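As a plain string of letters, each chain reads:
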Amino acid sequence: MSSLHASLQWWRDALAIYRQKPVMVITLLGFSAGLPYLLVFSTLTAWLRDAGVERTAIGFFAWVGMTYSIKIFWAPVVDRLRIPLLYPLLGQRRSWIFSGQLGIIGGLLWLSQMNPQDSLFWVAAAALLIAFSSSTQDVSLDAFRIESAPDEVQGAMSAGYILGYRLALLVSGAGAFYIADVVDWHSAYVVMAACMTLGIVALFWADEPAHRSADEQRLMDAQMVDQVMGRPMNLAQRPAWERHLLGAVICPMLEFFQRNGTFALLILIFIAVFRLSDISMGVMANPFYLDLGYSKTDIAWVAKFFGFFMTIFGSLLCGVLVVKWGIFRPLLLGAVLVSSTNLLFALLATVGFSSMTNAQGIEAQFLTATPSLFWLGFVISADNLSGGIASTAFIAYLSSLTNKSYTATQYALFSSLMTLPGKFISGFSGWVVDSSSYADFFVVAAMLGIPAILLVMVLRRHDKDISAR
């Protein structure tokens, strides 16, 4: 009984970390980060498909999401530039988060006035504004999250962030679908814009994390440049543009490579391939459900609402597992599960579709039967459980890689690299489905997860070797 009591007490103590203010704040701000994502990704693709836009064109819309993958180019500006008027009121991190939130609201209201059939170009332009503003918010929010709590709390911070993020995905997924089914898509996007005010409220409740002063940061930059170059570079005497370039752009990269050596390249490769499997299949998920014959309400309540709870369960479970096991075992578990669950989508596709040769001699897919909602719920639950575990572990891992002197730029590098290959590959997803089948597409997506599994094991072995020294 004493061991059982001790075990229960350990779990109670571990879960108590979710009641700390930084964790609660990042949960609400995670909602602000997650809300726009589906609205320029899978929810938008469902609207486009519902409006009669061809699947190949829908697939190309995935490239709008590449904005999230190139935010490294303006991350140094977000990291160092102080916004006039807003900085004295909110501080460095919160002022940039607030600016991104305003851009998201404006883009959503603009998009709500569009008709995809008549103005597809302007739909893409509005989606690009939302994605740019959202990715700018993310740059500062990621830095805010890492700087607001010590390393031992980052697992809980990641879980809280994922919780808020997934709540937002529920609202922008199931909520938007439900409103679109009852009213229309235009009203759905207006409501989504109103929901962004929750993030603004959370931002004003949050405390700005402590930062180095400008003089302290310049001194650290100069020391970093001298250390890497092996001789005094007299950074303080160089032109202002050169100081800013070295301090904001070059030093974060130099520090990361100096700390990790040549192994840094393998770390970056791992970051690039970890989410290939789930990102590449994500853009076709909602068109897949619709083509299987499910209604928008079915998708809202089964694929979004029920699956949401499995994601939260996976995320909260992973937050505790990181505390108990460290990062690498949950990371490996997530990589294996994400790859495996894509095979369940392939199985669902074989149940619903069959291939036949039409009168022109071209092989095409035909819907033979809409699988029961039970099977949809089972596949979605497995996918969301694995996604919750993988995402939480991965965010905690990326957070552990950053130096808090260069948080925004380094994390932007990691998160940009994390999504760029998947976003690029997903742009061809519609073409793959049209050229082959949904089943073949999901099998390929599952195979894309194999390199991540192998690299997690390599990184885990490397970490053990370092700890043993």
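Rules used throughout
Residues numbered from 1 in each chain as written. Predicted model: local features only at pLDDT ≥ 70, side-chain atom pairs only at ≥ 80, totals over all residues. Heavy atoms only, no water. Salt bridge = Lys/Arg side-chain N within 4 Å of Asp/Glu carboxyl O. Helix = DSSP H or I, 4+ residues; strand = E, 2+ residues; numbered from the N terminus. Buried < 20%, exposed > 50% of the residue type's maximum accessible area, 1.4 Å probe, protein only. Phe/Tyr/Trp six-rings, centres within 6.5 Å; stacked < 30°, edge-to-face > 60°. Lys NZ or Arg CZ within 6 Å of the ring centre and 35° of its normal.

*Asks:* Would you mind showing me how to read the pattern of salt bridges here?
*Replies:* If charged atoms from side chains of opposite charge come close, those side chains can pair. The final tally for this structure, using the stated rule, is seven salt bridges. Between Glu208 and Arg94 there is a salt bridge whose closest N-O contact spans 3.8 Å. With Glu208 in the loop between helix H11 (197–205) and helix H12 (214–229) and Arg94 in helix H7 (residues 92–111), this residue pair connects regions lying 114 residues apart in the sequence. Using a relative accessible area of 10% as the deciding quantity, one classes Arg94 as buried. Here Arg275 and Asp278 are joined by a salt bridge, their closest N and O atoms 3.2 Å apart. Residue Asp278 is classed as partly exposed on the basis of its relative accessible area, which comes to 22%. Residues participating in the shared-partner salt-bridge network are Asp79, Arg93 and Glu147.

*Asks:* Looking at this structure, how should I read the packing of aromatic side chains?
*Replies:* What characterises a pair of aromatic rings is the spacing of the ring centres plus the angle enclosed by the ring planes. Taken as a whole, this structure holds 26 aromatic pairs when the rule is applied. Each ring, one from Tyr161 and one from Tyr165, has its centre 5.7 Å from the other, and the planes form 40 degrees; the classification is tilted. Here Tyr161 and its partner Tyr165 are both found in helix H9 (residues 154–182), four residues apart, which amounts to about one turn of the helix. Considered together, Tyr161 and Tyr165 belong to a single accessibility category, that of buried residues. Measuring from ring centre to ring centre gives 5.8 Å for Phe328 and Tyr397, while their planes differ by 65 degrees; the resulting arrangement is edge-to-face. Of this pair, Phe328 sits in helix H18 (residues 328–352) while Tyr397 is found in helix H19 (residues 373–401), placing the two residues 69 residues apart along the sequence. Like Tyr397, Phe328 is buried. Between Arg145 and the ring centre of Tyr161, over which it is positioned, the NZ or CZ distance is 5.5 Å. Positioned above the aromatic ring of Trp325 is the side chain of Arg329, whose terminal nitrogen or guanidinium carbon lies 4.2 Å from the ring centre.

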